[in-house]
Every structure is written in C-alpha cells, then in structure tokens.
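# Structural features, examined
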Amino acid sequence: MEKIYIFESSLREGEQAAGCGFNPKNKLEIAQQLERLGVDVIEAGFPVSSPGELEAVKLVASKIKKCTVAGLARSMKKDIDACWEAIKKAKKPRIHVFLATSNIHMKYKFGKAREEILKMAVEAVKYAKKYTNDIEFSPEDATRTDLDFLCKIVESVIGVGATVINIADTVGYSLPMEMYRIVKHVKENVSNIDKAIISVHCHNDLGLASANSIAAIEAGATQVECTINGIGERAGNASLEEIVMAIQTRKTLLQKFTQVNTKEICKTSRLISHLTGISVQPNKAVVGSNAFAHSAGIHIDGILKNRRTYEIMKPEDVGAQGHKIVLTARSGRHALKDKLQKLGYKLKDKDFQKTYEKFLNLADKKREIFDEDLRTLVEGQIFKIPETYSLQYVNVVTGNKTIPTATVEIKQKGKITEEASCGDGPVDAVYKAVDRITKIKTKLLDYSIKSVTSGKEALGEVTVKIKVNGKEFLGKGASTDIIEASAKAYLEAINRACQPRK
Ligand code: KIV
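Residues numbered from 1 in each chain as written. Predicted model: local features only at pLDDT ≥ 70, side-chain atom pairs only at ≥ 80, totals over all residues. Heavy atoms only, no water.

### So, the domain arrangement of the chain
Many structure descriptions define interface size as the accessible area lost when the parts assemble. The domain architecture assigned to the chain consists of domain 1 (2-276), domain 2 (297-382) and domain 3 (390-498). One C-alpha centre belongs to domain 1, the other to domain 3; they are set 66 Å apart. (Domains from an automatic or database assignment.)

Dropping the structure here:
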C-alpha cells in the first residue's frame, strides 16, 4: 500500500472562505488539533499578507513538532523572505511558492508572456531553496494551463530544487477524468518527476473537489491538499474527511493509506465550525449531523439486522457518537419496537399495536419523534386509567378581541354528548363545556403546561390538579395542540375521580 500525504490548509485556504478569519490563538488551537488528527503538513498561513499573520504562522511553527509547517508565498522575494521568517523555527519547515500558469491568468493578471512566467517561477524556487530544502511549487490554475507549458514549468522548477509539485484546480473546473489525464500526463512527460511528489489542490466549484482528488491519486498523485469541512475560497476545497474516509473505506480498491487518526475527524470538524462560525450542512458527508442518521423504515429495518446494510463506515471510526435512528411516520414498527426497548419499555403485542397507532398519529403531526415524546406516549398508555368520559372532539374559537368559546363532544357509556361554553380563555371555555356534560362539581387547583421536546411542533404536556368532593385528583394530557392536551388532562383527572375508591 502506498502512503498518501495529507496537506491540510484550513489555516491558509480555509481562512479565505468569506467571513472567516482566525486570530493567532485560534490558529494555534486548530494546528494542535490537526497535529492530533495526524496530518502530514499544516499550511499555517500566508505570512507576507500582514504582520499579524506572520506572527500567527510563527507561533504555529514554534509549537508544532510532528507535522511539516508550510507557509504560502507568491513568486516574489519579499513573500519568500516573510514566509521563511515565519516558519524558520518549525521542526520541518516548507516554503510553498505559487505562480499562475494558465493563459487567462498570465494575460490578465500579469500581462506577461510564458517565458517571463517560467523565469519568475525558476527564480522564486531557487531563491526559496537558499532557505530550506523542502519547496513546494504550485502552478496556479494548472488545470486550465496548456499541458506542454505545464510540463515545461514543472520540469524547470524541479530542476532547481522543487520537491513537491502541486497541480492546482484553482477554479474547480476540472472533471475527474480530466484531472486523471492531467496528472498522468505530468507523471509521464516530465523527465525529472521522480524527484518530486505530485500533489493536487482541488476547489469545489462543481462539487467535484474530492472526486478530482481521488482521480489524481489514481493517476499517481501522492499528496492531496484539503481542508476540514471543505472550507475555502468560494465553494471551498476538497474536504479532508471525505478524502481520508474514501481512501480508508475503499483501501482494497485504491491500495493507499493515510496516517490520519480518523477518530479525531468529528472533533476537528466541530472545532473548525465553532471557530469559523460556519456550520456544517446536516447532509455533509462524514461529518454532517445526518451522515449516520437513518429515517426510512426499510433502512432502519436493515440497519437493525446488520449495520453494514446501509452503513459503509462506522460512525465511531470518525469519532461520531454512533448512528442515529430518526423516528418519523415512515420509520416502521421495527424501529419503534427497538427504540422502546432501548428506553426500557417491553410492551405486550396488544399494547405495542396501540402505541404504534398513537405513534403514527403523532408522527403525522410532528416531523420527528424524540425519546421524550415516546415516553409521554407510552406512559399515557401504560398508566391509563379507565375512561368514564372520553374526549371525542374539541373546538375553540378565540382571539384577543373575541370571547373564547369552546365546543366539546364527550362519550360516556357509548353515548355522545355535545356542549358549548364561553370562558375567560380558551382553556376555561373548554373546562366549562366539560363540566356541563359531566355535571361533576370540580375545582381547578392547579394547571401547568410544558413542552415535552423542543421546536414549534413539540408535544405540549398539561398537568392539572382538581378537587372533587374534597379530594384531589391529578390528570395529564399530551398533544401537539395545547387545547386538546388541556382537555385530555382535565378529563383524566375527572376519570380518576370517577374510579371506585380503593
Ligand atoms: O487555489 C489555488 O490555486 C491555490 C494555490 C496557492 C495552490 O490556493
């Protein structure tokens, strides 16, 4: 198996993401986490860009011991000097020099001809070489560069000491098969390519950054540049977690490995998200909150029988908490049964069937059913007291300029009675309508309502305490509709009062 070097650029390329910037303390914290993650190279920044940036890179360079620390420099002496100043204390320093080589960049950015660009690149690498042996050269916009010119410039910079050649898909324009062809072409047509590592730096403008990086590896690249969560300029870059997990998950096919400690991936992702303020989209591969969440009944059934039916990686291998079974109306019986068992409920078939029906009713109203929803549902079922009165229907009309009015329908011994009443508020109106039907004299001692779970569709749970004939009775009711929950709670308390005294 061949080793693929991971060049991590969250601190340089990632910092170019709109709205993202790290102070020196944050940079160091990230760099130390990247070291724990086991990346090979940390690109710590672009030292010439500001004195603060130079100091931040210096700080990272002085503390990181296991990884190579790289700094970016344009092909200019002042950039290279600043870069060296920043990284010279690193245990393993690397100067990363770049220069655009595509016709469009050469013409519009520099107004220079190929020969001049070639000369600038060679001089820059020679100049950097006087500081350190480890020199990376990036032909910027390489994938839109004339292939013969690309090979010529690569050969020339290797000739003066470049040790890493980084083929940059700067604008994320390449398709995987093109990336493969370009890297292969460089590998086969640059006479001294064996003296350098081939690297790739892929942007994600077409969502192909990781696929392009893998294609490049197939063609002979042994270093990939990437960032955590794929942060970077515009649509970002190839994300470390995708590349590393693709290599690990498909190692038999690729015959490659990385030295990354994959168990640190999620932690690193959270740190970057926290410090950049850029949240990770839920369906982001590997690190998204839904990356290991299963919701469809067929999938959950498969997962519960054997994880590998729908999981190609183990969540714990990337430091995720484990897979998540999301209960919705489409999750199916197997999912519900499994979840109830995990919550400690063992229901008889008959009770389970009833619970499942209630679950479906609730799931139609709520998008996701949480553990607390299930507890409320099951406990309402288990501790249910016989219903002398059962609620059939409740309707309220209310508003800040309307007298609250309720209509209630209740079944007692097979007979349905309907009543209506006004009240001080909608709940008061409901309770008065109930009283008209039951004709039981009650005194409401306490009423409280709480949300069982969070979110706008959460279950509301109402608890009431009433007094009937000098005795106190409790009732609870839950529903996504708090008026219905209030009616259920009140009736449960009344039903309790109706039970023979024991
Ligand atoms: O996108 C790019 O081309 C770069 C180079 C400096 C590698 O960031």
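### Quick look at the packing of helix 3 (residues 77-87) against helix 5 (residues 114-129)
When two helices pack together, their arrangement is given by the angle between the helix axes and by the axis-to-axis distance. Remark: helix 3 packs on helix 5, axes separated minimally by 10 Å, with the N-to-C direction vectors making an angle of 30 degrees. As far as their axial angle goes, helix 5 and helix 3 are roughly parallel. Considering only the axes of helix 3 and helix 5, their crossing is right-handed. Here K77, I80 and D81 of helix 3 lie close against helix 5, whose contacting residues are A124, Y127 and A128. (Axes fitted to C-alpha atoms, helices over the stretch in contact; angles between N-to-C directions. Helix = DSSP H or I, 4+ residues; strand = E, 2+ residues; numbered from the N terminus. Parallel < 35°, antiparallel > 145°, perpendicular 65-115°, else oblique. Left-handed = near helix turned anticlockwise from the far one by under 90°. Contact = heavy atoms within 4.5 Å.)

### Quick look at the nonpolar core
Ranked by internal contacts, the top residues of the largest apolar core, which has 91 residues, are I95, F137, V154, I165 and I167. Taken domain by domain, this core gets at least three of its residues from each of domain 1 (2-276) and domain 2 (297-382). Residues contacting F137, with those up to four places away along its chain left out, are S75, V97, F98, L99, A121, V125, V157, A162, V164, I165 and N166. If you look at the next biggest cluster of nonpolar residues, it comprises 23 residues, including Y389, V462, I483 and A489. (Core = buried A, V, L, I, M, F, W, Y, C linked by side-chain atoms within 4.5 Å. Buried < 20%, exposed > 50% of the residue type's maximum accessible area, 1.4 Å probe, protein only.)

### As for the layout of surface pockets
It is the rolling of a water-molecule-sized probe over the atoms that shows where space remains empty. For the largest pocket, the calculated volume is near 1,100 Å³. As for the largest pocket, its lining consists of 39 residues, of which K358, G380, G477, A478 and K488 are closest to the centre. For the lining of the largest pocket, the elements supplying multiple residues, two or more each, are helix 14 (349-365), helix 15 (371-382), strand 13 (390-397), strand 17 (460-468), strand 18 (471-479) and helix 17 (482-498). No other element matches the seven residues that helix 15 contributes to the lining of the largest pocket. (1 Å grid on protein atoms, 1.4 Å probe; cavity = no way out; pocket = protein on both sides within 12 Å on 5 of 7 lines; lining within 4 Å. Points joined across faces, edges and corners; volume = space filled by probe spheres on them.)

### Some points on the pairing of strand 2 (residues 5-8)
Pairing analysis gives four bridges linking strand 2 to strand 9 (residues 223-226), with the strands arranged parallel. When the sheet's bridge partners are listed, I6 is paired in strand 9 with V224. When strand 2 meets strand 3 (residues 41-45), the two strands line up parallel, connected through two bridges. Paired with F7 across the two strands is V41, which belongs to strand 3. (Pairing = 2+ DSSP bridges.)

### Notes on the site of the ligand
In the vicinity of the ligand, the contacting residues are R12, E13, L72, H96, F98, S138, E140, N166, A168, T170, H201 and H203. Here an oxygen atom of the ligand sits 3.0 Å away from a polar atom, N or O, in the side chain of E13. Measuring from an oxygen atom of the ligand, one finds a side-chain N or O atom of H203 at 3.0 Å. The fraction of the free accessible surface of the ligand (260 Å²) that becomes covered by protein chains is 95%. Looking at the shell around the ligand, the elements with two or more residues in it are strand 5 (93-100), strand 6 (135-140) and strand 7 (164-169). For the shell around the ligand, the per-class residue count stands at three nonpolar, six polar and three charged. (Near = heavy atom within 4 Å. Polar contact = N/O pair within 3.5 Å; in protein donor to acceptor, adjacent residues only side chain to side chain. Areas by Shrake-Rupley, 256 points an atom, 1.4 Å probe, with all protein chains shown as cover. Nonpolar A, V, L, I, M, F, W, Y, C, P; charged D, E, K, R; others polar.)

### A short note on the sheet that holds strand 18
If you walk across this open sheet you meet the three strands as 16-17-18, and the pairing is antiparallel. Of all the strands in the sheet, just strand 16 (443-451) and strand 18 have a single pairing partner and so form its edges. Going from strand to strand, the sheet's axes swing by 15 degrees on average, the running direction of each strand aside. Relative to strand 18, strand 17 is paired through nine bridges, and the arrangement is antiparallel.

### Structural notes on the packing of aromatic side chains
According to the stated counting rule, one finds five aromatic pairs in the structure shown. Among the aromatic residues, those joined into a cluster by ring pairs are W84, Y127 and Y131. We note K337 situated over the ring of F352; from NZ or CZ to the ring centre the distance is 4.7 Å. (Phe/Tyr/Trp six-rings, centres within 6.5 Å; stacked < 30°, edge-to-face > 60°. Lys NZ or Arg CZ within 6 Å of the ring centre and 35° of its normal.)

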